[in-house]
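Residue-level structure breakdown
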Amino acid sequence: MAYKFDFGAIVPHWELLLDGVILTTELTVIGAVVGVGLGIMGAWARASRTPVISQIVGVYVELIRNTPFLIQLFFIFFGLPALGVKLTELQAAVLAMIVNLGAYSTEIVRAGIQAVPHGQIEAAQSLAMSRLQIFRYVIILPALQKIWPALSSQIVIVMLGSSVCSQIAAEELTFGANYIQALNFRAFEVYFIVTGIYLVMSILLRMVLKVLGNYLFERRRHV
Amino acid sequence: MSLVELHAIHKSFGELQVLKGINLSIDEGQVIALIGKSGSGKSTLLRTINGLEVIDDGAIIVDGKKISDRDADLLGLRLQVGMVFQQFNLFPHYTALENVMLSPQVVKKQSKADARKVAEEMLIKVGLADKMMHYPDQLSGGQQQRVAIARALAMKPKVLLCDEVTSALDPELVNEVLAVVRQLAEEGMTLVMVTHEMRFAREVCDKLVFMHQGRIHETGDPEEVFASPKTPELSSFVGGLA
């Protein structure tokens with residue numbers, strides 16, 4: 001008895017998938033913006049002259065990079081309430097994504113900062129610029145430019161990783177797929193379609209990041 | 001009173017003692033050349049004058065004020081002491097004009113218009129009126145170095161440090177940079193330069209400082225020092241170049 005494919009069975013549930021796409025996009029955008037911001041601050045702190053600050057960030061980075069995302073998510077959603085921090089599914093999902101991307105992007109941005117020639121930093125010091133001014137005007141833009149492809153990949157990984165958030169019932173795309181599959185048992189069809197949706201979303205996200213990179217690093221005369 | 005006074009400067013990198021008690025005073029308008037073999041400590045000495053190297057012992061006194069290694073003091077010191085490097089070190093994401101405008105704007109809080117005016121003036125001075133909107137990678141080494149000089153000058157320093165500013169240049173580009181330095185010297189700018197351009201040092205400088213093994217070995221008027229070196233080390237250094 002051969003399995004009869006019936007993609008039509010998914011059609012009545014298209015709104016669930018659309019909602020999932022929207023939520024996945026929202027999680028990704030917030031996670032990426034705040035996560036990369038956290039990474040930039042983390043990279044700055046890693047270069048701090050105060051060893052304690054640098055070490056604290058180092059511990060954070062290693063803690064996140066050496067544990068599974070699912071466990072980080074469970075810890076935030078199921079673990080933190082024991083400390084009185086009770087978050088909704090969405091809050092927990094977005095926080096987990098921020099914390100996760102923050103750690104990875106700290107290391108990525110740090111690599112970019114280290115690639116800025118030391119002579120440029122010395123030149124900026126000689127021009128009486130403060131550490132923060134040097135970071136803001138001399139270091140960060142060339143640093144981000146160098147690591148933009150790596151950072152873009154990491155953001156895509158985080159978007160795909162958001163599918164794990166279905167495990168705490170955050171109603172993103174994978175959650176929608178699981179739900180539909182539970183209703184009509186059309187596992188092949190629904191996961192086939194969702195695979196395609198993720199693929200398209202990844203490609204689109206890469207394109208958006210490429211355009212954003214071109215815009216950010218375009219030679220734009222300020223005067 | 002001298003503009004900059006160095007008293008008993010000591011500096012080590014790990015076990016290696018690079019500066020072993022340097023005393024040097026730099027008067028306003030003076031043009032000083034630091035010469036010596038590589039490893040003699042001349043670049044390190046230059047870098048201590050604007051705090052890029054923190055000294056282990058001794059004192060740096062600028063305009064009568066002793067400089068500590070606190071950030072505020074270092075920034076104050078660097079407002080008065082500019083520096084130009086062997087490798088130009090322009091900021092690659094800014095145009096020549098923006099490179100020169102940046103620090104007056106963010107450090108001295110000048111308005112964009114004021115900063116631009118000064119920057120244009122400096123770039124014209126170094127002969128780059130037509131290259132203001134170029135990015136560093138669109139300029140030759142000599143042009144980049146002249147932008148770097150303009151960038152340092154835009155901060156109106158009292159002293160300009162030049163660390164082998166022609167050593168990274170192709171031979172045919174050396175002269176355009178030296179011409180700018182010579183012009184600054186003639187205008188009365190206080191200059192301290194580490195250089196291997198002996199003829200230039202002889203022609204332009206008021207004072208020659210020969211460093212050997214972390215100490216000032218011989219110093220004096222360039223003509224005299226070159227004509228009749230008092231120590232065998234300088235004699236062999238100068239002779240080796242001739």
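Use the structure listed above.
Residues numbered from 1 in each chain as written. Chains lettered and ligands numbered in written order. Predicted model: local features only at pLDDT ≥ 70, side-chain atom pairs only at ≥ 80, totals over all residues. Heavy atoms only, no water.

1. A few points about helix α6 (residues 131-161) of chain A
Condition: Helical segments are the DSSP runs of H or I of at least four residues, strand segments are the runs of E of at least two, and each set is numbered from the N terminus. To estimate the expected span of a helix, count its residues, drop one, and scale the result by 1.5 Å. The term bend refers to the angle at a residue between two fitted axes, each drawn through seven residues, those ending there and those starting there.
For α6(A), built from 31 residues, the straight-helix expectation of 45 Å at 1.5 Å per residue is missed by more than 12%, its first-to-last C-alpha distance being only 36 Å. The sharpest bend along α6(A) reaches about 60° and sits at A:Trp148, with the proline A:Pro149 one to four residues further on.

2. Section: the side chain of A:Thr24
Residue and element names in this part refer to chain A. Rules: For every residue, the accessible area (1.4 Å probe, protein chains only) is compared with the maximum for its type, and the residue is labelled buried under 20%, exposed over 50%, or partly exposed between those bounds. Note on contacts: a residue pair qualifies if any of its non-hydrogen atoms lie within 4.5 Å across the two residues.
Secondary-structure assignment places Thr-24 in helix α1 (residues 14-46). Residue Thr-24 is classed as buried on the basis of its relative accessible area of 0%. Look past the residues within four positions of Thr-24 in its chain and what remains in contact with it is Met-159, Ser-162, Glu-172, Leu-173, Tyr-198 and Met-201.

3. Comments concerning the packing of helix α2 (residues 51-65) of chain A against helix α4 (residues 89-114) of chain A
Residues and elements named next belong to chain A. Defined as follows: Only the contacting stretch of a helix is used when fitting its axis, a line to C-alpha atoms as for every element, and angles between N-to-C directions run 0 to 180 degrees. Throughout, the term roughly parallel applies to angles under 35 degrees, roughly antiparallel to angles over 145, roughly perpendicular to angles from 65 to 115, and oblique to all others. By definition, any crossing whose near helix is turned counterclockwise from its far helix by less than a right angle is left-handed, and any crossing with a clockwise turn is right-handed. For this classification, the nonpolar set comprises Ala, Val, Leu, Ile, Met, Phe, Trp, Tyr, Cys and Pro, the charged set comprises Asp, Glu, Lys and Arg, and every other residue, Gly included, is treated as polar.
Two elements in contact, α2 and α4, have axes separated by 9 Å at closest approach and are oriented at 115°. Classified by the angle their axes make, α2 and α4 are roughly perpendicular. Read as a crossing pair, α2 and α4 show a hand that is left-handed. The residues of α4 that touch α2, namely those facing Val-57, Tyr-60, Val-61, Ile-64 and Arg-65, are Ile-98, Val-99, Asn-100, Gly-102, Ala-103, Tyr-104, Thr-106 and Glu-107. Of the residues assigned to the contact of α2 with α4, the class counts are eight nonpolar, three polar and two charged.

4. Overview of the sheet that holds strand β2 (residues 16-26) of chain B
Residues and elements named next belong to chain B. The test is simple: Two strands are counted as paired when DSSP detects at least two bridges linking them.
Spatially, the four strands line up as an open sheet ordered β2-β1-β4-β5, and their pairing is antiparallel. The open sheet is flanked by β2 and β5 (65-66), the only strands paired with a single partner. Where strand β1 (residues 4-13) lies against β2, eight bridges are found, and the strand directions are antiparallel. Looking across to β2, one finds that Ile-9 is bridged to Ile-22. Running at roughly 60° to β2, helix α1 (residues 42-49) makes contact with β1, β2 and β4 (57-62) of the sheet.

5. A look at the pattern of salt bridges
Convention followed: One side-chain nitrogen of Lys or Arg within 4 Å of one carboxyl oxygen of Asp or Glu is enough to make a salt bridge.
Across all of its chains, the model carries 16 salt bridges over all chains by this definition. For B:Arg116, the salt bridge goes to B:Glu120, with nearest N and O atoms at 2.8 Å. Of the two residues, B:Arg116 and B:Glu120 are both situated in helix α4 (residues 112-125); the distance of four residues between them amounts to about one turn of the helix. Members of the salt-bridge network, linked through shared partners, are A:Arg46, A:Glu107 and A:Arg110.

6. Observations regarding the interface of chain A and chain B
Here is the rule: The quantity reported as buried area is the accessible area (1.4 Å probe) lost by two parts once they are put together, taken as the sum for both.
At the junction of the two partners, chain A supplies 22 residues and chain B supplies 35 residues. For the pair chain A and chain B, the summed buried surface comes to about 2500 Å²; carbon and sulfur atoms form 59% of the total. Scanning the region where chain A abuts chain B turns up three salt bridges. For A:Glu122, the salt bridge is made with B:Arg47, and the minimal N-O distance between the two is 2.6 Å. The set of elements that each furnish at least two residues to the side of chain A that touches chain B consists of α5 (118-126) and α6 of chain A. With seven residues, α5(A) is the single largest residue contributor to the side of chain A that touches chain B. Here the residues of the side of chain A that touches chain B sort into 10 nonpolar, seven polar and five charged.

7. Focus: unusual backbone geometry
Residues and elements named next belong to chain B. Positioned with a positive phi, Lys-109 is a non-glycine residue whose angle comes to about 55°. Relative to the helices and strands, Lys-109 resides in the loop between α3 (96-106) and α4. Residue Lys-156 is not a glycine yet carries a positive backbone phi of 50°. Tracing the backbone shows Lys-156 in the loop between α5 (141-153) and β7 (159-163). On the basis of relative accessibility, which here comes to 46%, the residue Lys-156 falls in the partly exposed class.

8. Regarding the packing of α1(A) against α4(A)
Residues and elements named next belong to chain A. Between α1 and α4, whose axes approach to 6 Å, the crossing angle comes to 40°. As far as their axial angle goes, α4 and α1 are oblique. Crossing of α1 against α4: the hand is right-handed. Of the residues in the contact of α1 with α4, the class split is 17 nonpolar, eight polar and three charged.

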